[in-house]
Every structure is written in structure tokens, then in C-alpha cells.
Amino acid sequence: MKKRLLIFSLMLCINSIAQTKTTGNVVEYFGKEKIITTAEGNVLYHFINGYTLQTESRTGTLFNGQDPIAWQYAVGKFVNPNKEKGDWQEIHVDSAKVFSGKPMRSAFLYTQYNASKEQIVLLETTGGTRTYINGLPHEGDHYDFGYTLIPFKLKKGVNEFVYTKGRFGRVKSKIIVPSKSIQFTKRDLTLPDVINGEKDDKWASIRVINATEKELKNLVITATLSSGEKATYATDAIMPMFVRKVKFKVPAAKADFTGELKMELTLADKNGKIIDKTEISIQQRAATVHHERTFVSKVDNSVQYYSIAPALGSGQKALVLSVHGASVEARNQARAYKQKDWVHIVAATNRRPFGFNWEDWGRIDALEVLAQAKKVFNTIPAQTYLTGHSMGGHGTWFLGTTYPGKFAAIAPCASYPDISMYGSDKGDEMHDMFKAFEPIKRSANSGRVKSIVQNLKQGGVYMLHGDADSTVPISQVREMRQILGTFHPNFCYYEYPGGEHWYGDHSVDWFPIFEFFKRQTIPANKEVKEIDFHTATPAVSSTDYWIKLQQQIKPFDFSNINAKIDKQQINIKTVNVSIMELDLASLDLKGEITLNIDDQLVKTTSDKKAILNLKDEKWALINEINTAEKYAERQGGFKFAFDNNVVFVYATGGSESDREWYLNRARFDSETFYYRGNGSIDVISDKEFSLEKYKDRNVVLYGNALNNSAWKLLLQNAPIQIDNQQIKVGEKTLKGDDLAAYFVVPRNDSKTAMVGVVGGTSEKGMKATWANNYISGITGFPDVMIFKADLLLNGLPAMKVTGFFDNDWSATTLAFFN
């Protein structure tokens, strides 16, 4: 109580030290410049005329797989509006050659180009979320970054382009004849700073355009600094007709320098023949000032960056992880903080300025950056903290509740707890009437902060919010203050008078937050006598100090483990737990102890881990985890196929239509993962895949048992089998040429890797897999979704199977619908 009164008194004092209010939007301070020039070739054609088709479909946040144009292409019913106008309305570009205005806010846009000959070109678009090129889907540029370049082959005659609505209700599109078939593009570089005194080469990445119909292999990138240092790296393979962001090494500088360096990059084949070269700028800085660092992500082997406001002075320091808001770059997030004498401040990227709302792969990025920073700066483990603003305020709530024990204290600023409640779409409420929606909704439970908020009890919480915030209503944080007031012994709350969403750097760099942090430390396991752990799935969050959840009874439903140490006995109550693990050796107990778990007594010794398994309503000790079943490191949920150094494997068998679609389908997912998450995924044909070459890596397989030869290696004994006429699910068979499936199963030759499948029966079925909203934060995807092509038009009524596999990966509990 004295501690809380002291903090409250501090707040009263700080209130008298009024800071100047700064007006404006956070995007204006932290935004990233849009790319507006075209340096990759000559403009063949600017689209200036088109048609719009209004759509009022409200698909919700957790489920958003509907698209009437995708349905028309899947079932062969798309009609060029120049031939049959129907509900399409004519539209023309404005003076800036942009399709804009009220009709573009919720509409599809159609354009076309009549080519005199067949040739490979680039489509450059800004504004649309997706683009269909002659019926094949590609990623667009809905955040208006200016990144999107799509190599494709113009066919002689009419070529059709359909754009789905973007974030801002505007689209600009043009066709480019590339100056070279293989070339660098300087759009969207990921670069480190060259650090004075550091002798190791740094990771970087640049995009390479492959406007050919052949895969590019054995390419070598050489980087040469203007000061003469050189580094050479054999980089990633690039699939046909694709722009991939590939790795290279930046050499260390021999001499100290502060400022901008020029760096020449050359791209060569394996024989040393130069294919292309370019020059870029890079910064050289001292490690004692704000700077950027890079690392290679375990998700997809791509290069990601983070920014640092390093601590002043020498010696071991604390660490604050800062997570940014929507549209904010990590480099600018870090520069909002003045350097402190006691703590390093590290800003993660969420892989993009918008990224994944700090869920899904954004969550992984935050954890990877945290681990990198701890290692690089050798920080004090018990003094690790978390803060963030706006979307990063949500990220702070989410990461803080999800990972109890990682942070001594958290400080959400201008925050909302659950993104599904902050930007709730009425479509989700509409979907609740369908039973097929229940597992979809449940699979997104890990983002429900208020359901797991009890996890914050062990650490401190500081809430900061402007009382005039019109972007994130203050009601969001007032609700959290009320909730914490019912159980939390160590939180502080402050409303900044007159503060809008962003009122200057002190919106995040708030002195009382750092003073609050100074007084908090992460306790050692032996000091934690009581745990009340809540989680939606061990796939996301499995551990709370000395307790680890390994397996649930009902996947992705909320689990709770309440444990309290009482001398030589640990009293435990569980909800939705089938296997749990206790790290008894870390508790400094002696001799034999008693585990009173759900009123059942189990004896064990205190010098080892205790693994407890619930079977037939009885708890018993087991010697080890059966990794052939679901456990913390491999639980399921289809989206979890897209990590662990994932490789995409597309089908080369079947009809010409099969081959074209599945090649493009893998390309489309890779385009989307690049755009949304700065990704760089290996995409290979089934003929190239081998178990040994891609050992222990996740695989996403595109195709079915008849057209993808990797199916026999990975899925021969899987509980779901797909051919051109049917899908078998356990003992049941669904027949039809319009069935599609997403599912995930364990890779049998690995203890950790998984196999995801994107496949369908015949042409309608495979084209029904158009939707790839699994590469998105928030959306819910259980282990299995099987549906008819009509799902693209009518939504959930066309769902045939949803749900989760049993803990032994059998299909007996999946839900079937007529």
C-alpha cells in the first residue's frame, strides 16, 4: 500500500510539471515515405479508364474469405464488363492518373489492356489489396507503400485486371517494360548501420526482379563500401516471374567514421558474370548513439531489423522493448526516446509499419528482437520491460499478458487491449449464428487480452493515455484500469490533460514510466510462491515461471493453472489441462514433495521436472512428452504452418490449369508474406523437394495427392486425403469437384516441424483456395477448414468441415456440416 501511495504522490507532482502539448497525428511524425518513382523500366501503359463494382459484403475480422469476383473466376462465371456491363459503372482517373473518389471506397476496379504481342512485363500498382491478372490472384499495395511490382506475361489481345478495394479508396496502376529481365530494385531495402569498432559483417536484404520463366539459382551478391571493404554472399534462389527480397552481407568498416557511405552492389551468376549492379547509401554510426541492427528470422530465414536507443555509459544495463503503432517505423519509434543512463531501449518492427498488430508473426518478431537485444547488449535479465503506443499499446497488453515472467513491468500508452473489440466488424457478430464459426473464433482466442489479464499479477503495470484522444477512446484504458483494480496490487494510471493520440515524444518517453520501471524486477522462480496462469493455447503461450502447459483437453479454449506452494506441498487447480510440467528443481525445495492437483495427491521429488498427465480423469506422472502428439512446441492451428523456416512446395503434376494455378498460388502467398511481413520464403517445385534437404523445416504444400509428388513423402498417412474427385477425412468422404481445404498436420520425420496444405479437388476446388487471409494478424484458422467454392460468394454456409484434430492428430472430433 505504501508503494502505491508513493507512486500516486509522484503522479500528483508530475502533473504540476506541464509539458507543451504538440498537436498532430503520429503518422506525420513516424510515417514512411511512399515510393513514387519508377526506375525499373519504361512505362508501356497507364490505366486511365475502367469500371467499378460496388460491394457491401461485411465479412468480419476473424473470418473474411468472401470475394464475389474470386467466386466468378473459380466457377467460370466472370464476364468482362466491356462485353456485359451489368452492375459495373464506368470510372476514369483524375489528373494524377489515380482512380479515386467515392465509388472506390468499397468497390472492385476493372481495367484492361489490349496487347499487340506477347511479352513479359511488370505491373506496378498502388492502393488495391489484391490484383487479379487474367484471373490469377496477386498481392496488391493496400497500404500505399509503392512497393508492388508483379512480373507477368502479357498475352496477345485483351488482358484483364481486377483490383479489390484498398485501405484508402484509391488505385494507380501501370504496365512497365523492364530494362533488364533480371535486376535489382531499390524499393524497400532492409539495411543495418555499419557500426564503428564492430568487425563482423551485418545482414541486409534487397529485392531482385526475376522477369523470366526460369528459376534463378546460385546468384552471388557482392557489397563494396566506398571505403573499400567488401563482402560476398551466395544468396537465395528466386522462383520464376517473381520479385524476391534476398539476403546479402554488409562488410565491417576498418576505420571509424560518422555519416553516409556509398555501397556498390553487384549481382553475378555462379561463374562470376555480372548480371546487374546498383549503388545505395548506408549509414555508419557509433554504437553509442541511436542506430539500426539486423538479424535473420527463424520464421522464414529473412532479414529483419530493429532500432536502439542505447544506454549512456558503460556497464551492464536494463532493457526496455518498445513496440510501435500502426504506420510507424521502428527507427523512428526508437528516436522518440532520449537516451537514458541505465537502460537500453530497443524498438522491434512487427516486420512492417503495420505488420500483424503484434499478434501472429509480429509477436514472433518481438520475441526474436528481445532475444537478439539481450544477447548483443548483455542486459540484466531481471530488469526487462515492455512499452508501446497505440497499436503498440495493444501490443504491450498482448505481449505482457501472453508472456508472464518475461517483463518486470509493462506500460501501454494510448492503448486498447483487444484489437477485435477496438475495431470490431459487425460481420463477426453475424457469423456467430453459424456453428462452423465456433472453431474459427476459438482459434483467435490467443488475442483476447481481457481473458488472460490475470497473468499480469506478478509484474507492474503503468497506463498512460491522453484524455482528449479521439483515435483510441479513453474508455478503452479506463476499462482496463477498472479490471486491474479488482485484483492487481501494483499498477499506476495517468491521463495526460488535453492529450490527443500523439502529443509529442513524451507520449511514449514519459519520465514517470521509466521511474516506475526502475522499481520493478522479475523475481526468480524460487521467489514466486503462487501462480495463476491463463492461456488460450500453448502454441502461443505455454509458460508462467515454473509452470508449463504442454497439452489442452480442448484446443484453443482457455486454460487455467492455479498453483500455490505451501511448504512441501504444491496445491494445484486446473481448467482445460491434460499435460503440464513443473520445474521443481528451480524452486529450491528439498526432498519429497506432494502435488495436490485437482484434489488428487501425487508424490515426487523436488530435484527434477515433474510431468503430469490427466488420463481417464486421473493425474499421474509420466517420464517424457510424446512428441507424436500435440504438445507445446507443435499444437496446430493452420497459421502455425507458416513459420519455422517454412518452405512452399507447389504441384507440377496434373493438367496445365493445375500447374499454372498452384505455381501462382504459392507465388501469391509469398508475395503476400513479403508485403505484409517483409518476408522472403523459399518457393520450390515438388520435384525439388526432399526430406533430407529440407529437414526439420515447416512445409506448406500446394496441390493434392494426384498432382503434388511431395504428398507421398509428407502426407501419405495423413488423416485427410485429397484427390480430384473427393476429400477423405478419417472414415468419412466428401465428394465434389469444387471442394477446397486448408489443414495442418505434424511432419512425421520431425519432432517440431509441421505440414500445411492448400489444396482442392479439380479446377473449381483449387481456385476456391483463393483466400489467403491466414497471412494476416487477428484472423482465426483452426487445424482444418474444408469448404465448397461457394464460400467465396456466400461465406460460412458453404463450410463443410472445421475444427481441431485430437491430441493424437486423429480426426474424430472435427465438425461436419451439410
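Residues numbered from 1 in each chain as written. Predicted model: local features only at pLDDT ≥ 70, side-chain atom pairs only at ≥ 80, totals over all residues. Heavy atoms only, no water.

A.B. asks: I'd like a description of the overall build of the protein chain, backed by residues and values.
C.D. replies: Secondary structure assignment for the protein chain yields 15 helices and 47 strands. Its C-alpha radius of gyration of 27 Å places the protein chain within 12% of the 28 Å reference for a compact globule of 818 residues. Its C-alpha atoms give the protein chain principal-axis dimensions of about 85 × 65 × 55 Å. Out of the 818 residues in the protein chain, the part that is buried amounts to 62%. Counting only contacts in the protein chain whose residues sit at least 6 apart along the sequence, the fraction spanning at least 24 positions is 73%. The averaged location of the 91 negative side-chain charges in the protein chain is 2 Å from the averaged location of its 100 positive side-chain charges. (Helix = DSSP H or I, 4+ residues; strand = E, 2+ residues; numbered from the N terminus. Rg over C-alpha atoms; globule rule 2.2 N^0.38 Å. Buried < 20%, exposed > 50% of the residue type's maximum accessible area, 1.4 Å probe, protein only. Contact = heavy atoms within 4.5 Å. Lys, Arg positive; Asp, Glu negative; His and termini not counted. Charge placed at Lys NZ, Arg CZ, Asp CG, Glu CD.)

A.B. asks: Lay out the sheet that holds strand S21 (residues 318–323) in plain terms, naming residues and giving numbers.
C.D. replies: Across the sheet, eight strands lie side by side as S19-S20-S22-S21-S23-S24-S25-S26; this open sheet has mixed pairing. Strands with a single pairing partner mark the edges of an open sheet, and in this sheet they are strand S19 (291–296) and strand S26 (491–496). Sheet twist, expressed as the average angle between the axes of neighbouring strands with direction ignored, equals 20°. Contacting S19, strand S20 (303–309), S21, strand S22 (343–347) and strand S23 (384–389), helix H5 (residues 361–377) runs over the sheet at an angle of about 110° to S19. (Pairing = 2+ DSSP bridges. Axes fitted to C-alpha atoms, helices over the stretch in contact; angles between N-to-C directions.)

A.B. asks: Lay out unusual backbone geometry with the relevant residues and their values.
C.D. replies: Non-glycine residue Asn134 carries a positive phi angle of around 50°. As for its placement among the helices and strands, Asn134 is situated in the loop between strand S6 (130–133) and strand S7 (136–139). Its identity is not glycine, yet Asp696 carries a phi of approximately 60°, on the positive side. Residue position: Asp696 is located in the loop between strand S38 (682–685) and strand S39 (699–702).

A.B. asks: So, the packing of aromatic side chains: which residues are in play, and what are the values?
C.D. replies: Applying the stated criterion across every chain yields a total of 45 aromatic pairs. Geometrically, the ring pair formed by Tyr385 and Phe517 is stacked, given 4.8 Å between the ring centres and 15° between the ring planes. One end of the pair, Tyr385, is in strand S23; the other, Phe517, is in helix H11 (residues 511–518), and 132 residues separate them in sequence. Owing to a relative accessible area of 0%, Phe517 belongs among the buried residues under this scheme. Measuring from centroid to centroid gives 5.0 Å for Phe642 and Tyr774, while their planes differ by 25°, and the two rings are stacked. Note that Phe642 is positioned in the loop between strand S36 (618–622) and strand S37 (647–650) and Tyr774 in the loop between helix H14 (762–767) and strand S45 (784–788), a separation of 132 residues in sequence. Pair check on accessibility: Phe642 and Tyr774 agree, each one buried. Taken together, the ring pairs connect Phe638, Phe642, Phe648, Tyr702, Tyr742, Tyr774, Phe781 and Phe787 into an aromatic cluster. In this arrangement the basic side chain of Arg331 is found over the ring face of Tyr305, its NZ or CZ atom lying 4.5 Å from the centre. When the ring centre of Phe514 is taken as origin, the NZ or CZ atom of Lys340, which lies over that ring, is 4.7 Å away. (Phe/Tyr/Trp six-rings, centres within 6.5 Å; stacked < 30°, edge-to-face > 60°. Lys NZ or Arg CZ within 6 Å of the ring centre and 35° of its normal.)

A.B. asks: Tell me about the sheet that holds strand S32 (residues 579–583), and please be specific about residues and values.
C.D. replies: Pairing is antiparallel across the open sheet formed by five strands, whose spatial order is S28-S29-S32-S35-S36. Looking at which strands have only one partner, the edges of the open sheet turn out to be strand S28 (543–544) and S36. Relative to strand S35 (residues 609–615), S32 runs antiparallel, the two sharing five bridges. Across the sheet, residue Leu582 finds its bridge partner in S35, namely Ala610.

A.B. asks: Which residues make up the nonpolar core, and what values do they have?
C.D. replies: Core analysis: the largest hydrophobic core is formed by 159 residues, its most contacted members being Phe248, Met263, Leu321, Leu715 and Phe743. Excluding its chain neighbours within four sequence positions, the residues that come into contact with Leu321 are Val346, Ala348, Ala366, Val369, Leu370, Tyr385, Leu386, Thr387 and Phe407. Residues Ala409, Tyr503, Ile513 and Trp619 belong to the second largest nonpolar core, which totals 52 residues. (Core = buried A, V, L, I, M, F, W, Y, C linked by side-chain atoms within 4.5 Å.)

A.B. asks: Can you tell me about the environment of Leu793, naming the residues and giving the values?
C.D. replies: Among the structural elements, Leu793 can be located in helix H15 (residues 791–794). Its relative accessible area of 35% is what places Leu793 among the partly exposed residues. In this structure, the C-alpha to C-alpha distance between Leu793 and Glu124, residues 669 residues apart in sequence, is 28 Å. The contact partners of Leu793, leaving out residues within four places of it in the chain, are Gln66, Pro68 and Trp71.

A.B. asks: Give a detailed account of the pattern of salt bridges, specifying residues and quantitative values.
C.D. replies: When the charged atoms of two side chains with opposite charge come close together, those side chains can pair. Using the criterion set out here, one finds 42 salt bridges in the structure. One salt bridge in this structure joins Glu198 and Arg293, with 2.6 Å as the shortest N-O distance. Taken together, the residues Glu198 in the loop between strand S12 (194–195) and strand S13 (202–210) and Arg293 in strand S19 connect sequence positions 95 residues apart. In this structure, the salt-bridge partner of Lys262 is Glu260, at a minimum N-O distance of 3.5 Å. What makes Lys262 partly exposed here is its relative accessible area of 36%. Linked through salt bridges whose partners overlap, the residues forming this network are Glu40, Glu124, Lys174 and Arg187. (Salt bridge = Lys/Arg side-chain N within 4 Å of Asp/Glu carboxyl O.)

A.B. asks: Outline helix H6 (residues 391–402), listing residues and values.
C.D. replies: Across its 12 residues, H6 extends 16 Å between first and last C-alpha, which sits within 8% of the 16 Å expected from 1.5 Å per residue. The buried fraction of H6 amounts to 12 of the 12 residues, a majority that puts the element mostly inside the structure. Of the positions making up H6, those classed as buried are Met391, Gly392, Gly393, His394, Gly395, Thr396, Trp397, Phe398, Leu399, Gly400, Thr401 and Thr402. (Expected span 1.5 Å × (residues − 1).)

A.B. asks: So, the side chain of Thr604: which residues are in play, and what are the values?
C.D. replies: Positionally, Thr604 belongs in strand S34 (residues 600–605). Residues in contact with Thr604, not counting those within four places in the same chain, are Leu584, Gly591, Glu592, Ile593, Leu595 and Leu621.

A.B. asks: Describe the side chain of His290, naming the residues involved and giving the relevant values.
C.D. replies: Tracing the backbone through its elements, the reader meets His290 in the loop between strand S18 (274–285) and S19. In this structure the side chain of His290 is engaged in a polar contact, spanning 2.9 Å, whose partner is the backbone oxygen of Tyr337. Residues contacting His290, with those up to four places away along its chain left out, are Arg285, Ile308, Ala309, Pro310, Ala334, Arg335, Tyr337 and Gln339. (Polar contact = N/O pair within 3.5 Å; in protein donor to acceptor, adjacent residues only side chain to side chain.)

A.B. asks: Describe the confidence of the model for the protein chain, listing the residues and the values that go with them.
C.D. replies: With 95% of its residues at a pLDDT of at least 70, the protein chain reaches an overall mean of 93. Here residues 1–31 is a poorly scored stretch, pLDDT under 50, and it has 55 contacts once near neighbours within four places are set aside; other chains count. (pLDDT = per-residue confidence, 0-100.)

A.B. asks: Requested: an account of the pairing of strand S41 (residues 726–729), with residues and values cited.
C.D. replies: The pairing of strand S40 (residues 720–722) with S41 spans three bridges and is antiparallel. The partner of Ile722 across the bridge, within S41, is Ile727. The loop that links S40 with its antiparallel partner S41 comprises three residues. Looking at chain direction, S41 and strand S42 (residues 732–735) are connected through four bridges and run antiparallel. Across the sheet, Gln726 pairs through a bridge with Lys735, a residue of S42.

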